Amino acid sequence: MNQFAERYKSSSNFDLFIITKSPEDYQPDAVAAAKNELEIRNLSTEELEVLETEYLAEKERSLQKQEKGHATEDKAKRFGKSVLNTLHPIQESPPTTKKLILLISLVFGAVSIYKLYQGLPFLLFMITEGDMDWDFSLVEYFVPVILLPIGVVLFWFRSMWGWILLSTFLTFTILNSISLLILTWNMESHSGFFEILPSFSTSSLALFVVVNSSFLWLLFRKDIWNVYGVDRKLAGIAVGFTTAIALLMAFSYL
């Protein structure tokens, strides 16, 4: 006896119809049982036409879903290829504005993830401990942790505020690194008090300044500037204010 015959007695007309229309997807006994059950139900011509219409509509929806899935897959592949091409050290032609924006977003996206991973546990601890005193040094520590991820997201979505947040972050980081570079130079030239301070490599700090300055220069390129529709006055105020804060902090260190 066909093992599917009893099971298909409770199946809907449409489920049975699908089996008969797609015999390559089912076992021969299942197809035979479905056909036999439909014959037993003695469906009218109108009922069969309705099943055929529903089947074609379902098939069309399935094809559209597959095409959408393929389109998403192709889009992901193109994005991955674009990322690899952008990060490749040897470029066949000068990078386009789109590639530069992608490069900046990827680099500082990675930096923001690292800063979140590094600073978020301490930030949560400070928030939950109500008796802890907040001073300027803690604000200085946590501002990049909070504002940099926001800036990267806004920058990716071509927001002017994303450009402003990234440019102020870079300005502050560069000036802060220069002050640390000078401090480190003094530490290497003197003994005594400076020996109790944490030491930094002058070469690594110099490289840090050069790399961040390069990215800041990219942000101020005319083609990128135009993409974000940067308001010159607002950008000048933001960068100028950041410079003033960084210089005040630098003088306090030095």
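What you see is a predicted model; the values in this text were computed from it and never measured. (Residues numbered from 1 in each chain as written. Predicted model: local features only at pLDDT ≥ 70, side-chain atom pairs only at ≥ 80, totals over all residues. Heavy atoms only, no water.)

**As for the packing of aromatic side chains**
Piece 1. If you walk through the whole model with that rule in mind, you get seven aromatic pairs.
Piece 2. Aromatic side chains Phe17 and Tyr55 sit 6.1 Å apart centroid to centroid with 75° between the ring planes, which places their arrangement in the edge-to-face category. Note that Phe17 is positioned in helix H1 (residues 13–21) and Tyr55 in helix H3 (residues 45–87), a separation of 38 residues in sequence. The same class applies to Phe17 and to Tyr55, which are both buried.
Piece 3. Ring centres 5.1 Å apart and planes at 80° place the aromatic pair Phe108 and Phe215 in the edge-to-face group. Here Phe108 is found in helix H4 (residues 97–128), whereas its partner Phe215 is found in helix H7 (residues 202–219), with 107 residues between them in sequence. (Phe/Tyr/Trp six-rings, centres within 6.5 Å; stacked < 30°, edge-to-face > 60°. Helix = DSSP H or I, 4+ residues; strand = E, 2+ residues; numbered from the N terminus. Buried < 20%, exposed > 50% of the residue type's maximum accessible area, 1.4 Å probe, protein only.)

**Focus on the confidence of the model for the chain**
Piece 1. Across the chain, pLDDT averages 78, with 76% of residues at or above 70.
Piece 2. Low pLDDT (under 50) marks residues 189–198, which in the prediction has five contacts with non-local residues, meaning those over four places away or in another chain. (pLDDT = per-residue confidence, 0-100. Contact = heavy atoms within 4.5 Å.)

**Describing the environment of Leu207**
Piece 1. Secondary-structure assignment places Leu207 in helix H7.
Piece 2. Between the C-alpha atoms of Leu207 and Ser177, which are 30 residues apart in sequence, the distance is 9.9 Å.

**Some remarks on the nonpolar core**
Piece 1. Of all hydrophobic cores here, the largest spans 25 residues; its most connected members are Ile104, Phe108, Phe155, Trp163 and Leu166.
Piece 2. At the level of elements, H4, helix H5 (136–156), helix H6 (160–189), H7, helix H8 (222–228) and helix H9 (232–253) are the ones that each hand at least two residues to this core.
Piece 3. Considering every element that reaches this core, the biggest residue donor is H6, with six residues.
Piece 4. Contact partners of Leu166, with chain neighbours within four places excluded, come to Ile104, Phe108, Leu148, Gly151, Val152, Phe155 and Leu219.
Piece 5. One finds Val31, Ala33, Leu38 and Tyr55 within the second-largest nonpolar core, a separate group that totals 14 residues. (Core = buried A, V, L, I, M, F, W, Y, C linked by side-chain atoms within 4.5 Å.)

**Observations regarding the packing of H1 against helix H2 (residues 28–41)**
Piece 1. At their nearest, the axes of H1 and H2 sit 9 Å apart, and the two run at 135° to each other. Relative to H2, the element H1 is oriented oblique. Where H1 crosses over H2, the two elements pack in a sense that is left-handed. Contacts from Asn13, Leu16, Phe17, Ile19 and Thr20 of H1 reach H2 at Ala30, Val31, Ala34, Lys35, Glu37, Leu38 and Arg41.
Piece 2. Looking at the contact of H1 with H2 residue by residue, the classes come out as seven nonpolar, two polar and three charged. (Axes fitted to C-alpha atoms, helices over the stretch in contact; angles between N-to-C directions. Parallel < 35°, antiparallel > 145°, perpendicular 65-115°, else oblique. Left-handed = near helix turned anticlockwise from the far one by under 90°. Nonpolar A, V, L, I, M, F, W, Y, C, P; charged D, E, K, R; others polar.)

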